[in-house]
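# Descriptive analysis of the structure
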Amino acid sequence: MKKKGKLVDIHTREIYPAEISIVNGIINRIQRINESLDVYIVPGFIDSHVHIESSMVTPGSFAVAAVSRGTTGVVSDPHEIANVLGIEGVKFMIDDAKKVPLRFFFGAPSCVPATSFETAGGVISPLNLEELLAMEEIKYLSEMMNFPGVVFDDAEVLGKLKIAAKYNKPVDGHAPALRGDHLKKYISAGITTDHECTSLDEALEKISFGMKILIREGSAARNLDALKLLLKMHPGKVMLCTDDIHPEMLAERHINKIVSHLINDGFDIFDTIRSCTINPALHYNLETGLLKPGDPADFLITENLCSMDIKETWINGKKVYGSGTVNFEYH
């Protein structure tokens, strides 16, 4: 199977007419051609941090909505369902996600319950955490919200971080307004990201100590305008995410419109797209396509990079969305 379009090549930082050859769901060859083409081929977008439960739907139903926005993968923290159902809730999310082609990359919730005052009923014990982190479907330890526990050497918290290190899986952070020596200690414990920054100054300090910053633009928090200059200053250290996206927003847009906003604001096309493709794929070691030979054929097709309205979405060489229709069933 072959597909033609103006390829947005995030590896060579070029846009050129190309023909993609796909064999058994894998990109076999990308050939430059001399044709005038009307559409762009762009790597599929990855939401680098999202709680599917905030969308008030199952993973499968989330996928039905998200593929129409050019989303091919999500880094999902099932913290909220774990708060109620514990490890069985996480396993439900994993099993349900397997029913659809969207690529779900789940984390193991690190703080369930988040505090001793919670009464939702769910608990993820260190034993549960070890079971989850040993699973192939679990790609990382989800946001370590108990930053005081890290800073002040809580034995259980440090034990959880050691389990993640044992399985060589990255650890997401959650450290709003943490600065200075306490921040350094938090990062030195092996915590690699933060999505809680609300000011450029805070984000730059965290980057200077070795963190990567996830810029949120969802329903509960919107930090894009405050942090977008990071894309000019540290393009390799930035990812895009929604964190929480409510159903009415998902019905209208996803990562595609964050990308559109940045491109229309004059930000570099390649750095912008890199922040929701290459950067999360490398950081979380994701099995996803990045539009190069040998990769799974995960990409989107749009007629306009500035609007980033999605014409088609492809995952594993199959058109999962096109002509306004989702091409898979979910029950």
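Residues numbered from 1 in each chain as written. Predicted model: local features only at pLDDT ≥ 70, side-chain atom pairs only at ≥ 80, totals over all residues. Heavy atoms only, no water.

What follows covers the overall build of the chain. Each helix and strand in the chain was counted, giving 14 helices and 16 strands. Against the globule reference of 20 Å for 331 residues, the chain gives a C-alpha radius of gyration of 19 Å, in line with a compact fold. Overall, the chain is about 60 × 45 × 35 Å in size when its C-alpha atoms are taken along their principal axes. Counting every position in the chain, which comprises 331 residues, the buried fraction comes to 57%. (Helix = DSSP H or I, 4+ residues; strand = E, 2+ residues; numbered from the N terminus. Rg over C-alpha atoms; globule rule 2.2 N^0.38 Å. Buried < 20%, exposed > 50% of the residue type's maximum accessible area, 1.4 Å probe, protein only.)

Okay, the layout of surface pockets next. Its boundaries defined by the atoms lining it, the largest pocket holds a volume of some 230 Å³. Around the largest pocket, the lining comprises 13 residues; the ones closest to its centre are Ile-94, Lys-98, Phe-104, Phe-105 and Glu-137. Secondary-structure elements contributing two or more residues to the lining of the largest pocket are α3 (87-97) and β7 (103-108). Here the lining of the largest pocket takes four residues from β7, the largest share from any one element. (1 Å grid on protein atoms, 1.4 Å probe; cavity = no way out; pocket = protein on both sides within 12 Å on 5 of 7 lines; lining within 4 Å. Points joined across faces, edges and corners; volume = space filled by probe spheres on them.)

With that settled, consider the packing of aromatic side chains. Evaluation of the coordinates by the stated rule reveals three aromatic pairs. For the ring pair Phe-104 and Phe-106, a centre distance of 5.8 Å and an interplane angle of 5° mean the geometry is stacked. Judged on exposure class, the residue Phe-104 and its partner Phe-106 are both buried. Plain terms: the ring middles of Phe-299 and Trp-314 are 5.5 Å apart, the flat faces sit at 15° to each other, and that makes the pair stacked. Of the two residues, Phe-299 sits in strand β13 (residues 299-302) while Trp-314 sits in strand β14 (residues 310-315), which places them 15 residues apart along the sequence. The two residues Phe-299 and Trp-314 agree in class, both being buried. For the cation-ring pair, Arg-32 lies above Tyr-16, with the distance from its terminal atom to the ring centre recorded as 3.8 Å. If you follow Lys-232 out to its NZ or CZ, it ends over the ring of Phe-267, 4.6 Å from the centre. (Phe/Tyr/Trp six-rings, centres within 6.5 Å; stacked < 30°, edge-to-face > 60°. Lys NZ or Arg CZ within 6 Å of the ring centre and 35° of its normal.)

The subject of this paragraph is unusual backbone geometry. Residues Val-112 and Pro-113 are joined by a peptide bond in cis, for which omega reads 0°. Here Pro-113 shows up in the loop between β7 and α4 (126-133). Positive phi, close to 70°, is recorded for Asp-243, a residue that is not glycine. As for its placement among the helices and strands, Asp-243 is situated in the loop between β12 (238-241) and α11 (247-250). Even without being glycine, Ser-323 reaches a positive phi, approximately 55°. Structurally, the position occupied by Ser-323 is in the loop between β15 (318-322) and β16 (325-326). Note on Ser-323: relative accessible area 73%, which makes it exposed.

The next thing to look at is α4. The complete set of buried residues in α4 reads Asn-128, Leu-129, Leu-132 and Leu-133. Projected down its long axis, α4 shows its buried positions confined to an angular sector of 125°, all on one face. Elements that come into contact with the buried residues of α4 comprise α3, β7, β8 (138-144) and α6 (155-166). (Arc of directions from axis to C-beta. Contact = heavy atoms within 4.5 Å.)

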